[in-house]
Every structure is written in C-alpha cells, then in structure tokens.
Amino acid sequence: MKNYLLLKAQKIMKVCLFSVACVFLLILMLIKPMRVALAHQLPFLSCQGNVCVDDPQQQEKAQKLYNQAIQETQRQVGNFHSRPTMVFCSIGECAETFGMEKAAAKAVGNLGTVIAPRGWQEFYIVHELIHDRQAEEWGNLAMLTKPKWLIEGMAYTLSNDPRPKLSPPFEQWRIEFKSWYRYHHQDLWQASKRIKSD
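Presented here is a report on the structure given in the accompanying data block. (Residues numbered from 1 in each chain as written. Predicted model: local features only at pLDDT ≥ 70, side-chain atom pairs only at ≥ 80, totals over all residues. Heavy atoms only, no water.)

Things to note about the overall build of the chain
Helix and strand counts for the chain stand at 8 helices and 5 strands. Helices and strands in the chain line up, N terminus first, as α-β-β-α-β-α-β-β-α-α-α-α-α. Burial analysis of the chain (198 residues in total) assigns 43% to the buried set. Considering only intrachain contacts with a sequence separation of at least 6, the fraction spanning at least 24 residues in the chain is 58%. As displayed, the chain offers around 11600 Å² of accessible surface, 59% of which is attributable to carbon and sulfur atoms. (Helix = DSSP H or I, 4+ residues; strand = E, 2+ residues; numbered from the N terminus. Buried < 20%, exposed > 50% of the residue type's maximum accessible area, 1.4 Å probe, protein only. Contact = heavy atoms within 4.5 Å. Areas by Shrake-Rupley, 256 points an atom, 1.4 Å probe, with all protein chains shown as cover.)

Some details on unusual backbone geometry
Cis geometry marks the peptide bond from P168 to P169, where omega comes out at 0°. Phi at E101 takes a positive value of approximately 50°, unusual for a residue other than glycine. Looking at the element boundaries, E101 is found in the loop between helix 3 (92-97) and strand 4 (105-108). A relative accessible area of 76% means that E101 is categorised as exposed. In this structure, N160 is a non-glycine residue whose phi angle is positive, near 55°.

A word on the pattern of salt bridges
Scanning the model with the defined rule gives 7 salt bridges in all. Its salt-bridge partner being R75, residue E72 comes within 2.9 Å of it at the nearest N-O pair. With E72 and R75 both in helix 2 (residues 59-77) and 3 residues apart, the pair spans about one turn of that helix. A relative accessible area of 14% means that E72 is categorised as buried. Residue class for R75 comes out exposed when judged on its relative accessible area of 57%. Among the salt bridges present, the one from E137 reaches R133, with a minimum N-O distance of 3.0 Å. (Salt bridge = Lys/Arg side-chain N within 4 Å of Asp/Glu carboxyl O.)

Structural notes on helix 2
In this model, helix 2 (19 residues) spans 26 Å end to end at C-alpha, consistent with the 27 Å of a helix rising 1.5 Å per residue. Of all the positions in helix 2, only Q59, A62, L65, Y66, A69, I70, E72, T73, Q76 and V77 are classed as buried. Lining the buried residues of helix 2 we find strand 1 (46-48), strand 2 (51-53), strand 3 (86-88), helix 4 (122-138), helix 6 (148-158) and helix 8 (188-193). G78, located one to two residues past helix 2, shows a positive phi value of around 90°. (Expected span 1.5 Å × (residues − 1).)

Observations concerning the packing of helix 6 against helix 7 (residues 170-184)
Packing of helix 6 against helix 7 leaves a shortest axis separation of 7 Å and a crossing angle of 85°. Classified by the interaxial angle, the pair formed by helix 6 and helix 7 is roughly perpendicular. Between helix 6, through K148, W149, L150, E152, G153, M154, Y156, T157 and L158, and helix 7, the contact on the second element is made entirely by F170, W173, R174, E176, F177, K178, W180 and Y181. (Axes fitted to C-alpha atoms, helices over the stretch in contact; angles between N-to-C directions. Parallel < 35°, antiparallel > 145°, perpendicular 65-115°, else oblique.)

Some remarks on the environment of S90
Mapped onto the elements, S90 comes out in the loop between strand 3 and helix 3. Once the C-alpha coordinates of S90 and A62 are considered, the two residues, 28 residues apart in sequence, prove to be 9.8 Å apart. In this structure, S90 is in contact with D54, D55, Q58, P117 and W120, ignoring residues within four places of it in sequence. A polar contact of 2.8 Å, which involves the side chain of S90, links it to the side chain of D54. (Polar contact = N/O pair within 3.5 Å; in protein donor to acceptor, adjacent residues only side chain to side chain.)

Some points on the nonpolar core
Membership of the largest hydrophobic core comes to 36 residues, with the highest contact counts inside it found for F88, M154, F177, W180 and L188. Residue assignment for this core shows that the elements contributing at least two residues are strand 2, helix 2, strand 3, helix 4, helix 5 (142-145), helix 6, helix 7 and helix 8. Among residues more than four places away in sequence, those in contact with M154 are I130, Q134, W138, W149, S159, F177, L188 and W189. Counting 14 residues, the second largest nonpolar core, distinct from the first, contains A39, L42, C94 and M100. (Core = buried A, V, L, I, M, F, W, Y, C linked by side-chain atoms within 4.5 Å.)

Distances and angles like these do not, on their own, reveal function.
Below, the structure written as structure tokens:
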C-alpha cells in the first residue's frame, strides 16, 4: 500500500511539473516580451555574459553601451542586486520576435531588457535599466500597479533623457516626478515604496 501511494504521488508530481512547464511555454509563446527570460537559449542570439546580440559583429559595441549604462544607472539609483540580461537587436525582425512594435527599448520587470535598433543610445538603455531597478526594489507586480508618474517619470528624469519636451502624458509624468524627487532624492527607494498603487 505504501509503495502504491508513493508511486501515485510521484505520478501526480510529474503531471504537475509537466503542466507548469506547458503553461510557462505557452506564456512565452503568447507574451513575446517574456522571451527575454530565455535569451541565452534562443538560437538566433549570441550571448556573452548578460549581453546578447542578434549580430555577433555588434557584441563589442553592445557590451560597451551596456557597461556605460549600468554605471550611469547605478550612479543614479544604486547598485543592482543582480546584473540584468539585455538583448540588443540590430534588425527589426529580432525586435519583433520580442514584441517590440515601435518601442526603442523595453524592460520586462527584472527578467531582462530588449533594445530595438533605434534604441542603441545610452539614455534609452539607462531608462530601461531604471525600470529593472524599480522591479528589484518594488517587485514585478508593483510595476503594473504603481502610479505611472512615478514609474515613467523616474525613468525619463534620471536617465537624463535629452528631449526638451516629451509627448503627453510622459512630459506631465516627468514634471510630477521631478517635483516629488526634489524632496525625496536622499531616500528614493524608501519614499517611493510608501506611494500607493493606482
């Protein structure tokens, strides 16, 4: 009887693990940005450390941008708990694989970041790395629920985005964040954790 129950429990465990794996694969197929979590396993990418590229000839340039952006991000918002994976796409087809559409870059919580061909500029990369740090500090769920003025305003402001005026509503979010940040730059993460979700 004991062996029968043990075999039954093992069978149930295998079915559960298989089901979880299937759900995970389904999510990866349907929610394209989530594919960044498997960047190192994707056959069309070449990865060295945390930097992946679709064109191996661009590896050095991508690594340099990554290192500069990491430094600037840490200067602005503190050290990373772990270095994020970043995929640099040099062609549109690569970016489309991750569901980028028209975005220059996109962080997927703290799972990783995808940089589209037009996003190979330090301020875009720092912007997305700030989102990664936000996810580290607040959690991935908070990235869906915290006020946009805080999430996006922080990224536009602290990435030193050079555009003098952003399109609505981004400019207003940047203004709101700057106003709040004047009083909270010394305790950025503690003060921002106290801000309630939308």
